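# Descriptive structure summary
Residue-level listing of the chains:
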Amino acid sequence: MKTWGFFLVFFAAFSTAMGAHIRGGEITYKYLGAGTETGTSKYELTLKLYVDCRANSPGQLDNDITFTIFDRTISGSSPVLVNAPFSTQQIIEYDPNSNPCILNPPTDVCYRLRYYRATVTLKNNTQGYTIGFQRCCRIADIENVAGNSGITGATYSCEIPGTNSLATAPQNSSPIFNPNDAIAICAGTQFTFDFSATDPDGTDSLVYALCEAYIGGGTEPGDCYDCTSPAPASNPPFPRIGYRAGYSAGSPLGPNVTINSKTGFLSGIAPKNVGQYVLTACVSEYRSGKLINTHRKDIHIAVSNCKPLKALLAPDYTFCDDFNVTFENGQVNPDGSTYVWDYGDGSKPDTVTTALGTVQHVYADTGAYNVSLFITLANGQCADKATTIAKVYPGFYPGFIATGSCLFVPFRFTDTSKTKYGSVSNWSWDFGDETTLSDTSKLRNPTYRYNSLGQKTVSLTVGSNKGCLKTVTTVLEVKDKPALVLNFKDTLICSIDTLRLIANAPGSLNPKFAWTPLYNLINPTSPTPLVYPKTTTWYAVSMEDNGCAAVDSVRVRVVDQVTLSVSKDSTICLTDPVQIQAFGDGLKYVWSPAATLDNANISNPIATPTGNTVYTVVSSIGKCSKTESLAINTVPYPIANAGSDAIICFEDSTQLQGSFTGATFRWSPTNTLLNPATLDPIAFPLTTTDYILTVTDNIGCPKPVNDTVRIIVQQPVKAFAGNDTAIVVGQPLQLQATGGEFYLWAPSTGLNFTTISNPVAILSQNQTYSVRVSTLGDCFAYDTINVTVFKTNPDIFVPNAFTPGGSSNTVFRPKPVGIASFEFFRVYNRYGQLVFSTSEAGKGWDGKVGGVDQATNTYVWMVQGKDFTGKTIFKKGTMVLIR
């Protein structure tokens, strides 16, 4: 495996260096005269090898090559090898500046044409000689070659004829192709490539064709190093190249490109895919009417994404819809192209620069108009012209109808096409019969007999003598019997009635009907007879159409009178809906009064009476009818009133006020009610609760009625007067209470206001304040705040020791007095490491660092703040942590 892996790497590197650069080749021979020995001929052999212009390494440009000569007369003979040294080379490339009429001109149309020559003397024989040369490899990613073209080699060969075809055939030189190899071929556009040749002998006629390209040399990875240019070449016949789907030897550029057998010009619409394409042109030499030689030229043609200027129109256009017609060029031209349209009707020409030169023109009358298109580009340096005939004959309406439905019975097709101008002149039918290829007709109104059942798509292509041509289609069904449709198959009549039966035969050409029995039946051969049976009768109908028949039947049930009953009288609660019901064999029902019914014309409507109501129904069968009635009595619902919603404070109560009209009542839920058996119980819910009053009646409507009252419980008031604090004499203290909408402070000593949340206090001695906090619903709570007044200057007091984990003095915290802004408090150990820091007054150190208790020791502290006058107070000192 390691050895093979190395070989693959080597092969890839070799392919890059040595291969994927061959772009075509041709072997020619020139007759130089008789050889020095009797019965021999002397020839000059020339290999023209097309190499990619980018091939520059020595391994890609051979110094000499080897011709392999096969004697076709002696089977199995050893081939002769002839060395041919490199002679000369020329660069053949397309000049992008040579044609200003092509935008985005190709830059990859370039060949390094190398010549290798040798002289040989061959013995004249009957079958002649095949001369071959093989070389790896063609270029990579060729569009029309299957597989990896980069490791696909090429075989170039020629044939020297023998005397078997003609005595003078060996005295022949191969045709010489004209060297017009570097041209611009633009994707998806019209082009012409010159494969014409001249006969140096001047005696032979030439016929051109496209033929197979050969492979050889370098197709197998395991032999690539030794087979770059194998000598000898493999024996003929040489293997053929594999083409991708859509391409072949006869269509190497697709189906839209062909070669003229007389001129050798390859022309058509180039493929839309940009890239390289392999093709081989063969020219056959005929002398005195006999084929003496077929000469080959293998070349890669580049299809580029260039844009040539071209006026391209179809020979004629027919416009059969209206006088407003659309013209456009048949291919995309370079941007900036100017299109000039002459419509041939004497109107002013149109000049446009739209894509494809698309224009619309309205002709004033019918006729055949000579239309011309003139295209210019690059200030008139490039131009092209095309002409066509516009046949304007609007008012062409193709169509047809098909009648028939049965297998093996002829269908009739009738053309309904119309034309306003000229006449309908030709028809082409395709009947869509998948069992045969002969399901067509040129008649105007043909008939056709199908051989299989199922859906058939029928198309008619119809034309007029004015050139209009359109296709219309329809889908029909071929059945095993004709379609016979009855409007009903079971019905009911009264014995005094007459009934019309109805049968249809859609798709039949000439249906014939026969009804049986003849009992009380009028017109038995009509599709719509009248019947008046006095007893229930089955009537059968048979339909026949051109030997195709179908049978069906209908039952006519007969009654002497209408049977009818209705649902019982009932009592309902007023405004409730109720379904009323009529029973019987009636075919039609009419209820009254209709105003309180959802549908008065069915047997079981929904009634919503507004009071006591008697409903009457008339049921009928034809001329027979019967009437019945029923009564719906209504009683009112009981009345329940649970009272008005209320809002109460948390842990408060309220009295409900209910009333009712009815027999009994009850409240629910009852777990937060006192005296729930009364209409005015006391409610004491802890959360918002809906109380439902349910009323029932035993003399009127039996359905209970509910009403609800909602008692909304406000959340507990969370009164907060603020944290206890300390100030100095004369220091204003801003109080701040929270928890409600209304506030009342007491006592009023030292306060500027007592009814706001944030009064200012100025004190000379200690004071305790109480605040009442209430809500909009007058729910309230109290809280207090203690204010300590120091008769000193503002200061920050810090203890000198604390005992974490003890019973008192467990947190080391400063006590600010008269301080308006507390800035920081910091504690350091004896190593100068910060063990605690805060900027929030009232917080302190618990004697831990990272959750670990610190040992007994002395610590340094610093504290800073501003007093109420704005003066900064900074202090520092030591304290002892005691365990």
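Overview of the structure. Source: prediction; values computed, not measured.

With that settled, consider the state of the cysteines. Per the stated rule, a full pass over the model turns up nine disulfides. At a sulfur-sulfur separation of 1.7 Å, the disulfide partner of Cys 494 is Cys 624. Between Cys 494 and Cys 624 the disulfide shows an S-S torsion of about -70 degrees. By sign, it is left-handed. Within this pair, whereas Cys 494 is found in strand S35 (residues 490–494), its partner Cys 624 is found in strand S50 (residues 624–635), the two being separated by 130 residues in sequence. We classify Cys 494 as buried; its relative accessible area is 0%. The class of Cys 624 is buried, set by a relative accessible area of 11%. Here Cys 649 pairs with Cys 779 through a disulfide, and the sulfurs are 1.7 Å apart. Of note, the bridge from Cys 649 to Cys 779 carries an S-S torsion of about -100 degrees and is left-handed in sense. In this pair, Cys 649 is assigned in the loop between strand S52 (646–648) and strand S53 (654–655) and Cys 779 in the loop between strand S64 (767–774) and strand S65 (780–790), connecting sequence segments 130 residues apart. Judged by its relative accessible area of 4%, Cys 779 falls in the buried class. Cysteine Cys 158 is unpaired, with the sulfur of Cys 282 as its nearest cysteine sulfur at 12 Å.

This part is about the nonpolar core. Within soluble globular proteins, side chains that are nonpolar generally end up buried alongside one another. If you look at the biggest cluster of nonpolar residues, it comprises 44 residues, and the most contacted ones within it are Phe 191, Phe 195 and Leu 266. For this core, the elements supplying multiple residues, two or more each, are strand S6 (110–123), strand S10 (190–194), strand S12 (205–211), strand S13 (257–259), strand S15 (275–287) and strand S16 (290–303). In terms of residue count, S15 provides more of this core than any other element does, five residues in total. Residues within four places of Leu 266 in sequence aside, it is in contact with Phe 191, Thr 192, Phe 193, Phe 195, Leu 210, Leu 253, Val 257, Thr 258, Ile 259, Leu 279 and Ile 301. Within the second largest apolar cluster, 26 residues are counted, among which are Leu 49, Ile 69, Ala 84 and Val 120.

On to the pattern of salt bridges. All told, the structure shown has 22 salt bridges when counted by the stated rule. Linking Asp 62 and Arg 135 is a salt bridge whose minimum nitrogen-to-oxygen distance equals 2.8 Å. In this pair, Asp 62 is assigned in the loop between strand S2 (40–52) and strand S3 (64–71) and Arg 135 in strand S7 (residues 129–135), connecting sequence segments 73 residues apart. As far as burial versus exposure is concerned, Asp 62 and Arg 135 are alike and both buried. For the salt bridge of Asp 853 with Arg 883, the shortest nitrogen-to-oxygen distance reads 3.7 Å. On the criterion of sequence distance, the pair formed by Asp 853 in strand S72 (residues 852–853) and Arg 883 in the segment after strand S74 (872–881) is long-range, its members being 30 residues apart. A network of salt bridges, in which partner residues are shared, links Asp 201, Asp 204 and Arg 287.

Attention shifts here to the sheet that holds strand S24 (residues 382–392). With mixed pairing, the five strands of this open sheet are ordered in space as S18-S24-S23-S20-S21. Strands with a single pairing partner mark the edges of an open sheet, and in this sheet they are strand S18 (316–319) and strand S21 (350–352). Direction aside, neighbouring strands of the sheet carry axes that sit 25 degrees apart on average. Bridging between strand S23 (residues 367–377) and S24 involves 11 bridges; their strand directions are antiparallel. Within S24, the residue paired with Leu 377 across the bridge is Cys 382.

Its place among the elements puts Thr 696 in strand S58 (residues 689–696). When near neighbours in sequence (up to four residues on either side) are disregarded, Thr 696 contacts Pro 638, Gly 662, Ala 663, Thr 664 and Pro 704. Engagement of the side chain of Thr 696 in a polar contact is seen with the side chain of Thr 664, the distance being 2.4 Å.

Here we take up a nonpolar patch on the surface. Nonpolar side chains collect at one region of the surface, where Val 207, Tyr 286 and Leu 291 lie side by side and expose about 230 Å² of accessible area between them. Mapping Tyr 286 onto the fold places it in strand S15. Tyr 286 sits in the partly exposed class, given a relative accessible area of 30%.

The residue Val 590 is located in strand S47 (residues 588–592) in this model. For the pair formed by Val 590 and Gly 275, sequence separation is 315 residues and the distance between their alpha carbons is 83 Å.

Another aspect to go through is the sheet that holds strand S59 (residues 705–713). Taken in spatial order, the four strands make up an open sheet running S52-S59-S58-S55, and their pairing is mixed. If you trace the sheet from one side to the other, it starts and ends with S52 and strand S55 (664–668), each paired once. With strand direction ignored, the average angle separating the axes of adjacent strands in the sheet is 25 degrees. As defined by bridge partners, S52 adjoins S59 across three bridges and the pair is classed as parallel. Each residue of the ladder has a partner; that of Ala 646, found in S59, is Ile 711.

So, on to the layout of surface pockets. Considering only enclosed or pocket space, the largest pocket measures out at about 740 Å³ in volume. Lining the largest pocket are 27 residues; nearest its centre among them are Asn 723, Asp 724, Thr 725, Ala 726 and Ala 841. The element that contributes the greatest number of residues to the lining of the largest pocket is strand S69 (residues 819–828), accounting for four residues. Across the lining of the largest pocket, the residue classes tally to 13 nonpolar, 11 polar and three charged.

Conventions we followed
Residues numbered from 1 in each chain as written. Predicted model: local features only at pLDDT ≥ 70, side-chain atom pairs only at ≥ 80, totals over all residues. Heavy atoms only, no water. Disulfide = S-S within 2.5 Å. Helix = DSSP H or I, 4+ residues; strand = E, 2+ residues; numbered from the N terminus. Buried < 20%, exposed > 50% of the residue type's maximum accessible area, 1.4 Å probe, protein only. Core = buried A, V, L, I, M, F, W, Y, C linked by side-chain atoms within 4.5 Å. Contact = heavy atoms within 4.5 Å. Salt bridge = Lys/Arg side-chain N within 4 Å of Asp/Glu carboxyl O. Pairing = 2+ DSSP bridges. Axes fitted to C-alpha atoms, helices over the stretch in contact; angles between N-to-C directions. Polar contact = N/O pair within 3.5 Å; in protein donor to acceptor, adjacent residues only side chain to side chain. Patch = residues over 30% accessible without salt bridge, like charges linked within 9 Å, V, L, I, M, F, W, Y side chains within 5 Å. Areas by Shrake-Rupley, 256 points an atom, 1.4 Å probe, with all protein chains shown as cover. 1 Å grid on protein atoms, 1.4 Å probe; cavity = no way out; pocket = protein on both sides within 12 Å on 5 of 7 lines; lining within 4 Å. Points joined across faces, edges and corners; volume = space filled by probe spheres on them. Nonpolar A, V, L, I, M, F, W, Y, C, P; charged D, E, K, R; others polar.

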